[in-house]
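Next come the chains, spelled out residue by residue.
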Amino acid sequence: QVQLVESGGGLVQAGGSLRLSCAASGSIFGFSLMGWYRQVPGRQRELVASISSSSITNYSDSVKGRFTIARDNAKNTVHLQMNSLRPEDTGVYYCNLKRGGTIVRNPIDVWGQGTQVTVTS
């Protein structure tokens, strides 16, 4: 059973930086798509950044140039470096692991517990 544990959230002033980390248990991390999502009250959870098993990255338009996602397969971790933070970046950030299914295995879609990021103006 895969489990994800996030860390690194907190309170920061606008223009500051935070680094989120997500540690995964199990042996499938290196084969999985990893993503960071953000949720604010009253809105759907939205993708912030993702990184494939071959380290291809994808970012939402709102964070391009400010956030960087990276993975360390040797340590089963994924990080989100957040720079030039803005108040609109505030929310609960969730780590996600996805691995597609095949005829011999079910797909996997696992979420962490979330970590709060608050950016003050």
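What counts and how
Residues numbered from 1 in each chain as written. Predicted model: local features only at pLDDT ≥ 70, side-chain atom pairs only at ≥ 80, totals over all residues. Heavy atoms only, no water. Salt bridge = Lys/Arg side-chain N within 4 Å of Asp/Glu carboxyl O. Helix = DSSP H or I, 4+ residues; strand = E, 2+ residues; numbered from the N terminus. Buried < 20%, exposed > 50% of the residue type's maximum accessible area, 1.4 Å probe, protein only. Contact = heavy atoms within 4.5 Å. Pairing = 2+ DSSP bridges. Lys, Arg positive; Asp, Glu negative; His and termini not counted. Axes fitted to C-alpha atoms, helices over the stretch in contact; angles between N-to-C directions.

Engineer: Just to check I follow, could you spell out the pattern of salt bridges for this structure?
Structural biologist: Two side chains with opposite charge may pair up if their charged atoms get near one another. Per the stated rule, a full pass over the model turns up five salt bridges. The closest approach of N and O atoms between arginine 38 and glutamate 46, which form a salt bridge, is 2.9 Å. Among the ionic pairs, lysine 64 bridges to aspartate 61, the shortest N-O distance being 3.2 Å. A single salt-bridge network, built from bridges that share partners, covers Arg38, Glu46, Arg66 and Asp89.

Engineer: Even after reading the chapter, I still don't get the environment of tryptophan 111, so can you show me in this structure?
Structural biologist: Tracing the chain through its elements places tryptophan 111 in strand β10 (residues 108-111). Of the residues examined, tryptophan 111 reaches a relative accessible area of 33% and is grouped as partly exposed. The spacing of tryptophan 111 and glutamate 6 is 105 residues in sequence and 9.8 Å in space, taken between C-alpha atoms. Discounting chain neighbours no more than four positions away, the residues touching tryptophan 111 are Leu4, Tyr37, Arg45, Tyr94, Cys95, Asn96 and Lys98.

Engineer: Quick question: what am I supposed to make of the pairing of strand β11 (residues 115-120) here?
Structural biologist: A regular strand carries its side chains on alternate faces of the sheet. Alternating residues of β11 divide into Thr115, Val117 and Val119, all buried, and Gln116, Thr118 and Thr120, none buried. Pairing analysis gives three bridges linking strand β9 (residues 91-99) to β11, with the strands arranged antiparallel. Each bridged residue has a counterpart across the sheet, and for glycine 91 the counterpart in β11 is valine 117.

Engineer: I keep staring at the side chain of arginine 99 and nothing clicks. Help me out?
Structural biologist: Here arginine 99 lies in strand β9. At 13 Å, aspartate 109 is the nearest oppositely charged side chain to arginine 99, a buried residue that forms no salt bridge. If we ignore the near neighbours within four places in the chain, the residues touching arginine 99 are Ile28, Phe31, Ser32, Arg105, Pro107 and Ile108.

Engineer: Sorry, what's going on with the environment of valine 12 here?
Structural biologist: By secondary structure assignment, the location of valine 12 is in strand β2 (residues 10-13). Setting aside anything within four residues of it in sequence, one finds valine 12 in contact with Ser17, Leu18, Leu85, Thr118, Val119 and Thr120.

Engineer: Would you take a moment to explain the sheet that holds strand β1 (residues 4-7) for this structure?
Structural biologist: Think of a sheet as strands paired side by side through backbone hydrogen bonds, with each pair either parallel or antiparallel. Strand order across the open sheet formed by four strands is β1-β3-β8-β7, with antiparallel pairing between neighbours. The open sheet has two edge strands, β1 and β7 (67-72), and neither has a second partner. Along the sheet, successive strands turn relative to each other by an average axial angle of 15°, direction set aside. Two strands pair when backbone bridges link them, and β1 and strand β3 (residues 18-24) are joined in this way by four bridges, in the antiparallel orientation. Its bridge partner lying in β3, valine 5 is registered against alanine 23.

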